[in-house]
Amino acid sequence: MDMLLLGVFFGCTLIALCIIVRLVVVLRKGSKCKPGTKGSVCVLVVAGSGGHTTEILRLVGSLSQSYRPRHYVIADTDKMSEDKIHTFESAQSDRTNGPQYTLHRIPRSREVRQSWSSSVVSTLYALFYSVPLVFRLRPDVVLCNGPGTCVPLCAAGLLLGILGLKRVVLVYVESICRVETLSLSGKILYHLADYFFVQWSSLKNKYPKAIYMGRIV
């Protein structure tokens, strides 16, 4: 019995080490991945409620038409973002050959002032919906700017790379409202994103890996 348990322990340890090594390899190769070199870039855009959606739409509006199709993902309780996205894309379609976007919903991973313990459960629940969605869409880039919904979606994108199915580039732009400290999502994705942008020099001083180009949204 002891030998069986020991074998299970070493087996699980080996699997965990393989996943960690693969994750490190995927993260290190992120800057070498150039999805736009072979044509259009399929981008998954994570929209949050209120200001997050306004900022991310400004950012999407500055992208070239090469970034298509665009797959927006919002929390299932977020009606305001849905209306903003439809309005934005309707205006974009006037300059292109019709709408080239889709809208998807996943459970909200974290509510405002939600406790840490319950946030873990709700985030895992959101991850359960994020993995099949990301595996089906297979985006080239995940673009996000702070809502809690982006964490499980970025994790699903990393999983695609860990399994060797597709390298997904993670681009995180911290909200303009964050002057001195990162958001909770930012603190998590700072270590995982391929490109991590901040919009205040004070944050660049605290987080040297971040990219500071001034205000970009």
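Predicted, not measured: the structure shown is a model, and the values here were computed from it.

So, how was this worked out
Residues numbered from 1 in each chain as written. Predicted model: local features only at pLDDT ≥ 70, side-chain atom pairs only at ≥ 80, totals over all residues. Heavy atoms only, no water. Helix = DSSP H or I, 4+ residues; strand = E, 2+ residues; numbered from the N terminus. Buried < 20%, exposed > 50% of the residue type's maximum accessible area, 1.4 Å probe, protein only. Core = buried A, V, L, I, M, F, W, Y, C linked by side-chain atoms within 4.5 Å. Contact = heavy atoms within 4.5 Å. Pairing = 2+ DSSP bridges. Right-handed = clockwise from strand over helix to strand, strands pointing away.

With that settled, the discussion passes to the side chain of Gln92. Inspection of the secondary structure assignment puts Gln92 in helix α3 (residues 79–93). Judged by relative accessible area, which is 9%, Gln92 ranks as buried.

One finds Leu44, Leu153 and Phe196 to be the most contacted residues of the largest nonpolar core, which totals 28 residues. Listed by contribution, the elements that provide at least two residues to this core are β1 (43–46), α4 (116–137), β4 (141–144), α5 (150–162), β5 (169–173) and β6 (195–198). Sorting elements by how many residues they give to this core places α5 first, with seven residues. Apart from the residues lying within four places of it in its own chain, the contact partners of Leu153 are Leu44, Val46, Val73, Ile106, Ser130, Leu133 and Val134. Counting 19 residues, the second-largest nonpolar core is a separate cluster that includes Val41, Ala47, Val60 and Val171.

Attention now goes to the environment of Pro132. As for its position among the elements, Pro132 is in helix α4. Overall, the relative accessible area of 48% leaves Pro132 in the partly exposed class. Residues Pro132 and Ala156, 24 residues apart in the sequence, show an inter-C-alpha distance of 8.3 Å.

Moving on, we come to the pairing of β4. Burial along β4 is two-sided: Val141 and Leu143 facing one way and Val142 and Cys144 facing the other are all buried. By the bridge criterion, three bridges tie β1 to β4 in an arrangement that is parallel. Note that in β4 the partner of Leu44 across the bridge is Val142. Where β4 meets β5, four bridges bridge the pair, whose relative direction is parallel. If you follow Cys144 over to β5, its bridge partner there is Tyr172. The parallel pair β4 and β5 is bridged by α5, and the resulting crossover is right-handed.

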